[in-house]
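A look at the structure
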Amino acid sequence: MSEEIHRRFVEIAEGLSPVLADALRRAGPVALRADASQPLAERLCRSVAGQQLSVKAARSIWNRVLVAADGRPLTEFLVDTNGDAIRGCGLSAAKTRAMCAIAREARAGGLDAEALRRLDHAARSRRLTALWGVGQWTADMTRSSTSATRTSGPTGMSPPARP
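The text that follows walks through the structure, step by step, so that each part is easy to find. Computed from a predicted structure; not experimentally measured. Each chain has its residues counted from 1, running along the sequence as written. Restriction of local features to residues with pLDDT of at least 70 applies here, the model being predicted, together with a cutoff of 80 or more for giving and counting side-chain atom pairs; totals for whole chains, interfaces and linings are based on all residues. Where side-chain values are given, they derive from all heavy atoms of the structure, hydrogens and water being excluded.

Re the packing of helix α1 (residues 3–16) against helix α2 (residues 18–27)
- Lines fitted to C-alpha atoms define the axes, with helix axes restricted to the stretch in contact, and inter-axis angles between N-to-C directions lie between 0 and 180 degrees. Starting at the N terminus, helices and strands are each numbered in turn, a helix being any DSSP run of H or I of at least four residues and a strand any DSSP run of E of at least two. The N-to-C vectors of α1 and α2 enclose an angle of 160°; their axes lie 6 Å apart at closest approach. On the basis of their axis angle, the class for α1 and α2 is roughly antiparallel. The two elements α1 and α2 meet at a crossing, and its hand is left-handed. Residues His 6, Phe 9, Val 10, Ala 13, Glu 14 and Leu 16 of α1 lie in contact with α2, whose contacting residues are Pro 18, Leu 20, Ala 21, Leu 24 and Arg 25. For classification purposes, angles smaller than 35 degrees are called roughly parallel, those larger than 145 roughly antiparallel, those between 65 and 115 roughly perpendicular, and all remaining angles oblique. A crossing counts as left-handed when the near helix is turned anticlockwise from the far one by less than a right angle, and as right-handed when that turn is clockwise. Contact definition: two residues touch when any of their heavy atoms are within 4.5 Å.

Considerations on the packing of aromatic side chains
- When two rings of Phe, Tyr or Trp (its six-membered ring) have centres within 6.5 Å they constitute a pair, described as stacked for plane angles under 30 degrees, edge-to-face for angles over 60, and tilted for the intermediate range. Across all of its chains, the model carries zero aromatic pairs by this definition.
- Just above the ring of Trp 132 sits the side chain of Arg 97; from NZ or CZ to the centre is 3.8 Å. In this analysis the charged atom, NZ for Lys or CZ for Arg, is taken to sit over a ring once it is within 6 Å of the ring centre and within 35 degrees of the ring normal.

Observations concerning the pattern of salt bridges
- Any Lys or Arg side-chain nitrogen found within 4 Å of a carboxyl oxygen on Asp or Glu counts as a salt bridge. Per the counting criterion, the structure on display carries seven salt bridges.
- Arg 104 is the salt-bridge partner of Asp 80, the closest N and O atoms lying 3.3 Å from each other. Here the residue Asp 80 occupies a position in the loop between α5 (74–77) and α6 (83–87), and Arg 104 occupies one in helix α7 (residues 93–107), the gap between them amounting to 24 residues.
- Relative accessibility thresholds used throughout: buried, under 20% of the residue-type maximum; exposed, over 50%; partly exposed, between the two (1.4 Å probe, protein chains only). Residue class for Asp 80 comes out exposed when judged on its relative accessible area of 53%.
- For Arg 104, a relative accessible area of 39% puts it in the partly exposed group.
- The salt bridge partner of Asp 84 is Arg 87, with a shortest N-O separation of 2.5 Å. Here Arg 87 and Asp 84 lie together in helix α6, a separation of three residues that amounts to about one turn.
- Arg 87 gets classed as partly exposed once you look at its relative accessible area, which sits at 36%.

Considering the packing of helix α3 (residues 40–50) against α7
- Where α3 meets α7, the closest approach of the two axes is 9 Å, and the angle between their N-to-C directions is 175°. Classified by the interaxial angle, the pair formed by α3 and α7 is roughly antiparallel. Side by side, α3 and α7 meet where Ala 41, Leu 44, Cys 45, Val 48, Ala 49 and Gly 50 of the first sit next to Lys 95, Ala 98, Met 99, Ile 102 and Ala 106 of the second.
- The residue makeup of the contact of α3 with α7, split by class, is nine nonpolar, one polar and one charged. Three categories are distinguished: nonpolar for Ala, Val, Leu, Ile, Met, Phe, Trp, Tyr, Cys and Pro, charged for Asp, Glu, Lys and Arg, and polar for the others, with Gly belonging to the last.

Quick look at α7
- Helices are assigned an expected span. That span is 1.5 Å times one less than the residue count. Between the first and last C-alpha of α7 there are 21 Å, a value that for 15 residues agrees with the 21 Å anticipated at 1.5 Å per step.
- Looking at α7, one finds that the buried residues are Lys 95, Thr 96, Ala 98, Met 99, Cys 100, Ala 101, Ile 102 and Ala 103.
- Looking at the buried residues of α7, the elements they touch are α3, α4 (55–69), α5 and α6.
- Backbone geometry just downstream of α7 places Gly 109 in the positive-phi region, at approximately 85°.

Taken by themselves, the reported measurements are silent on function.
Shown next as structure tokens:
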């Protein structure tokens, strides 16, 4: 995070909680690093698979997906013709459709993490939310793990309204 963003966080926190503002001031800016431990398509699919589930249930379902893929790259396993096998892992038809759409986009070369990293927040969000089943929350969570740039977050942050 840049010094500018850190200063803005502290400024917002001062209006909410002096204790929080002091903690943020002492912590200083956080160094953000992009997470390249998983291909972008897999991170997106895992986010979709875990939506509205407990961490334990999401982990269990994701592990079933990995077992069903039987060592194949997930973008090769997540195809419409494997829909029954994917749903058999505990995923809904909608989540299956979304994950297959993400994998299809990845196979077509449309989910290049480096290319997305170079986009500003708005353009990256438009690109990701254009995928069926990927909403703003998923795009934002993916952004936080793929982008470590000054412009990775939304601009124009305002302090929340006080009750």
